[in-house]
Amino acid sequence: MLNGYLRNQCYEETIELFELMGASDWGFDSYSCNFVLRACMELEDYERGTEVIKRAVDHRVDGDKFLGSSMINFFMKFGDFDSARRVFNQMISRDVVCWNSMIGGYVKGCYYVAAFDLFLEMILCGVRPSAITLVSLVQACGGMRDLELGKRVHGLVLVFGLGTDVLVHTALIDMYSKLGEHERARSVFDIMPAKTLVSWNVIISGYVQNCLVYEAFDLFQKLVLTGGGFDSGTIISLLQSCAQVADLDSGKVLHGYIFRKGLDINVILCTALVDLYSKCGALKEATFVFDRMKNRNVITWTAMLVGLAQNGHAEDAIRLFGKMQEEGVTANSTTLVSLVHCCAHLGSLKKGRSVHARLLRYGYAFDVVNRTALIDMYAKCGNINYAERVFEDVSLFKDVISWNSMITGYGMHGQGHKALDLYCRMLEEGLKPNKTTFVSLLSACSHSGLVDQGRSLFLSMESDHNIRANEKHYACYVDLLSRAGHIKEAEVLIKQMPFQSSREVFEALLNGCRMHKNIDIGIKAADYLLSLDATNPGIYIMLSNIYAEARRWDAVDHIRGLMRGRGLKKTPGYSLIEVGKQLHAFFAGEDSHPNSVEIDRILENLKSELEALGYVPDTSCVLRDVDEAMKIKSLWRHSERLAIAFGLLHTPAGSLIRISKNLRVCGDCHTVTKYISKVVKREIIVRDANRFHHFVDGKCSCNDYW
């Protein structure tokens, strides 16, 4: 009866019947205890399970090897390794099943050394290992990422005559795949006398893990040709492979198969489809699959949310999170850290702090990856002090990535000296800098004009830390020199690079040429960039701006004519401001906002006050061949001025105003914002495409260097 209840998943009834047996004259034996213990494991009820074990010991029925193995499995399931070992040690007679339970439990709990020690003890006791024993040891080698030990265990497989066992072979394929030895995995697969679907799935999954996408599909075709069937596990691996290489067409073929076979009710399969379409940039298709799903778990919601975020739809991702909450789905760590990145992208400090609170509530904020994301978010939302507070929390572990994130934050805010001081602290605490550390440091020096310090760091990378400079380091160094006006030195450096110049390097040079009006080198840099990518509108715009600042209007018209002929459009400038719980976007020249009349009135009043203080418009920032009045009018319709005016309308007097802008702030807007901060007696923080500007009482944190 107990066994019948257990088979039919009536776990509570199994336990109730056992209690009834104990209270009656029937009594119970080791088999009864075994059945009810398995029911407790299914219900994850540790207290009642331990009570069953106690009663088994009291009634002296715990000596049975079968029940002993169940007791070990029970304790192992709940991570109580000490109790499991006590049960094991007290067993008078132990067969291979008992040893396997103990060894397998250690492996599942990642106690790999203990598993091998027990295996040696097992051999010394004269117990011959079974296929299950070797499977556990192979899994341990994969978990330890120890290839040499894995080879030795493979040798033991042959020594004990288990070279034809399907389970052992499958475990070996999985181990070799996880250790990057796909050729060894394939050789084991090829010599298998009998292949199961699980074996095929493991080898296909192994190819996907090792980024051998086309080989995975080739193997799938061979599976089909053998006449063997395949299951959702096979399809999931293939979908993951399509996502790796953004193979949308193959993904759609698999989607068609899923639909025809009626597998579109499978949550895992549909989640894999959402992930595939998102990684291919096909958000319409991802949303279609997501919306049709009747059962969605937290992984599904997270896949959709991450897809939106990674494809530049941060606001939609945040709205989707709201729907997720409405449906009562509890977010996991991945969900929340994705939201942190969305808030960083949008510069939404209020939403970012709200997500931080959730991370704390769920206990995820102490994870080093999540904490690093929080540092990045606070820095990108303009609150470097909050970023420091998260970083300096002494109760939390700091790795090199955390240090890099804080150094990057200082760099974005123009605090190059703080970035260098933090680097010195990092070395004093014994942490080794990596390539990213020097990218962050060189970038920080670039934004602060610390040319000599940047040169010293660039030279120390290889001499002191054995780190060879890559394209990113050279791009940062060229940017540092170019911003400071050392255009010729930057050009010489590019020619001396030990590898072919990258796009980022020449973009940094071109930007420096624009800033310092060096037309000759700017044209050469633009020509090289256009030879790499003739469809990048940003290059045309940069070159056009160089000509415009030199008043070469004929050249400007020529460049813009090329853009029109090739169907290229300039990225429109916009600024974001968060008021209350809503983000408001303003585009340059916009007059369609519901508050346009009030915004215009505030700007007109500000214009009068600023001119009274001595402000004179710098119309050289208007890179169009129009009259002076039109240039001045154009300046006052720049997106950040509209956003600041909106902030003055809808936020309390004296409160801080935060603006995020997608393009570099122009010189006149920079000057105007300094004046506005003094007139309205407010701090204004502007994040542009390059860095942060903190405007207070007529001054900017960048010291006019950006």
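About the cut-offs
- Residues numbered from 1 in each chain as written.
- Predicted model: local features only at pLDDT ≥ 70, side-chain atom pairs only at ≥ 80, totals over all residues.
- Heavy atoms only, no water.
- UniProt positions renumbered as here; feature names shortened; annotations may be inferred.
- Helix = DSSP H or I, 4+ residues; strand = E, 2+ residues; numbered from the N terminus.
- Buried < 20%, exposed > 50% of the residue type's maximum accessible area, 1.4 Å probe, protein only.
- Contact = heavy atoms within 4.5 Å.
- Areas by Shrake-Rupley, 256 points an atom, 1.4 Å probe, with all protein chains shown as cover.
- Lys, Arg positive; Asp, Glu negative; His and termini not counted.
- Charge placed at Lys NZ, Arg CZ, Asp CG, Glu CD.
- Pairing = 2+ DSSP bridges.
- Domains from an automatic or database assignment.
- Buried area = accessible area lost by both parts, 1.4 Å probe.
- Salt bridge = Lys/Arg side-chain N within 4 Å of Asp/Glu carboxyl O.
- Polar contact = N/O pair within 3.5 Å; in protein donor to acceptor, adjacent residues only side chain to side chain.
- Phe/Tyr/Trp six-rings, centres within 6.5 Å; stacked < 30°, edge-to-face > 60°.
- Lys NZ or Arg CZ within 6 Å of the ring centre and 35° of its normal.
- Disulfide = S-S within 2.5 Å.
- Expected span 1.5 Å × (residues − 1).
- Axes fitted to C-alpha atoms, helices over the stretch in contact; angles between N-to-C directions.
- Parallel < 35°, antiparallel > 145°, perpendicular 65-115°, else oblique.
- Nonpolar A, V, L, I, M, F, W, Y, C, P; charged D, E, K, R; others polar.
- Right-handed = clockwise from strand over helix to strand, strands pointing away.
- Core = buried A, V, L, I, M, F, W, Y, C linked by side-chain atoms within 4.5 Å.

Looking at an unreviewed UniProt entry, one finds the chain named DYW domain-containing protein and attributed to Gossypium schwendimanii. Annotation of the chain in UniProt includes, under Sequence similarities (unreviewed entry), the sentence "Belongs to the PPR family. PCMP-H subfamily."

### Examining the overall build of the chain
Counting secondary structure elements, the chain contains 38 helices and six strands. Burial analysis of the chain (706 residues in total) assigns 50% to the buried set. For the chain, the share of sequence-separated contacts (at least 6 apart) that also reach a separation of at least 24 residues comes to 62%. Only carbon and sulfur atoms are counted for the fraction: they give 52% of the accessible area of the chain, which is about 33800 Å². Distance between charge centroids for the chain: 4 Å, based on 79 positive and 81 negative side chains.

### So, unusual backbone geometry
Positive phi is not limited to glycine here, since Lys681 has a value of about 55°. By secondary structure assignment, the location of Lys681 is in the loop between helix H38 (667-679) and strand S4 (684-687).

### Topic: the sheet that holds strand S6 (residues 699-700)
With respect to topology, six strands assemble into an open sheet ordered S2-S1-S3-S4-S5-S6, the strand pairing being mixed. Bordering the open sheet on either side are strand S2 (582-587) and S6, each of which pairs with just one other strand. In terms of strand pairing, S4 meets strand S5 (residues 692-696) through four bridges, oriented antiparallel. For Ile685, the partnering residue across the bridge sits in S5 and is His694.

### Focus on the domain arrangement of the chain
Accessible area lost on assembly of the parts is the figure often given for the size of an interface. Domain annotation for the chain reports domain 1 (398-460), domain 2 (470-570) and domain 3 (574-700). If you average the C-alpha positions of domain 2 and of domain 3, the two centres end up 28 Å apart. With both sides pooled, the region where domain 2 packs onto domain 3 buries about 720 Å², and carbon together with sulfur makes up 50% of that total. Viewed at the interface, domain 3 and domain 2 are joined by zero salt bridges. Taken together, domain 2 and domain 3 are joined by zero residue pairs in polar contact (both at pLDDT 80 or more). Within the residue set of the side of domain 2 that touches domain 3, elements represented by two or more residues are helix H33 (537-549) and helix H34 (553-565). Here the element with the most residues in the side of domain 2 that touches domain 3 is H33; it accounts for three residues.

### Considerations on the packing of aromatic side chains
Evaluation of the coordinates by the stated rule reveals 25 aromatic pairs. Taking 5.5 Å as the distance between ring centres and 90° as the angle between the ring planes, the aromatic pair formed by Tyr474 and Phe499 counts as edge-to-face. Here Tyr474 is found in helix H29 (residues 471-483), whereas its partner Phe499 is found in the loop between helix H30 (487-495) and helix H31 (503-515), with 25 residues between them in sequence. Taking the relative accessible area as the measure of exposure, Phe499 reaches 25% and is therefore partly exposed. Members of the aromatic cluster, connected to one another through ring pairs, are Tyr46, Phe74, Phe75 and Phe78. Lying over the aromatic face of Tyr386, Arg389 brings its terminal NZ or CZ to 4.8 Å of the ring centre. A cation over an aromatic ring shows up here: Lys398 above the ring of Phe391, its NZ or CZ 5.2 Å from the ring centre.

### Digging into the state of the cysteines
A covalent bond between the sulfur atoms of two cysteines is what we call a disulfide. Tallied over the entire structure, the rule returns zero disulfides. Of all cysteine sulfurs, the one in Cys445 lies closest to Cys476, which takes part in no disulfide; the gap is 10.0 Å. When its relative accessible area of 14% is taken as the criterion, Cys476 is described as buried.

### Things to note about helix H37 (residues 639-650)
The first and last C-alpha atoms of H37 sit 17 Å apart over 12 residues, in line with the 16 Å expected at 1.5 Å per residue. Of all 12 residues that make up H37, 10 are buried, and the element is covered over most of its length. Turning to H37, its buried residues are Ser639, Glu640, Arg641, Leu642, Ala643, Ile644, Ala645, Phe646, Gly647 and Leu648.

### Topic: the UniProt feature "repeat: PPR" (unreviewed entry) in the chain
In this structure's numbering, the residues bearing the UniProt feature "repeat: PPR" (unreviewed entry) are residues 95-129, 165-199, 266-296, 297-331 and 399-433. Between the end C-alpha atoms of residues 266-296 there is a gap of 10 Å, over a span that is 74% helix and 0% strand. Helix and strand shares over residues 297-331 are 74% and 0% respectively, and the end C-alpha atoms of the span are 10 Å apart.

### A look at the environment of Ala444
Among the secondary structure elements, Ala444 is positioned in helix H27 (residues 435-448). Through-space distance from the C-alpha of Ala444 to that of Ile258 is 50 Å; in sequence the pair is 186 residues apart. Every residue in contact with Ala444, bar those within four places of it in the chain, is listed here: Gly411, Gly416 and Ala419.

### Looking at the packing of helix H15 (residues 232-245) against helix H17 (residues 267-279)
The N-to-C vectors of H15 and H17 enclose an angle of 10°; their axes lie 9 Å apart at closest approach. Regarding the angle of H15 to H17, the classification is roughly parallel. Between H15 and H17, the contacting residues are Ser232, Ile235, Ile236, Leu239, Cys242 and Ala243 on the first element and Ile268, Leu269, Ala272, Leu273, Asp275, Leu276 and Lys279 on the second. Partitioning the contact of H15 with H17 into residue classes produces 10 nonpolar, one polar and two charged.

### Structural notes on the pairing of strand S1 (residues 574-579)
Counting buried residues along S1, five of its six residues qualify, which places the element largely inside the surrounding structure. Two elements, S1 and S2, share six bridges in a ladder whose sense is antiparallel. Counted as the bridge partner of Leu576 is Ala585 from S2. What sits between the antiparallel neighbours S1 and S2 is a turn of two residues, in which Gly580 has the positive phi angle 65°. Sheet analysis places S1 next to strand S3 (residues 657-661), joined by two bridges and oriented antiparallel. In the sheet register, Leu576 faces S3, and the bridge partner there is Ser660.

### Re the pairing of S4
The alternating pattern of S4 places Ile684 and Val686 and Ile685 and Arg687 on opposite faces, both of which are buried. Direction of pairing for S3 relative to S4: parallel, over a ladder of four bridges. Within the sheet, the bridge partner assigned to Ile659 lies in S4 and is Val686. As a crossover connection, the stretch from S3 through H38 into S4 is right-handed. Connecting S4 to the antiparallel partner S5 that follows it, the hairpin turn spans four residues.

### Remarks on the nonpolar core
Grouped together as the largest cluster of nonpolar side chains are 195 residues, with contacts concentrated most on Leu239 and Leu509. Residues Val579, Ala643, Ile644 and Cys666 belong to the second largest nonpolar core, which totals 29 residues.

### Some remarks on the side chain of Ser177
Tracing the chain through its elements places Ser177 in helix H11 (residues 166-178). What makes Ser177 buried here is its relative accessible area of 3%. What Ser177 contacts, discounting residues up to four positions off in sequence, is Ala185, Gly206, Gln209 and Asn210.

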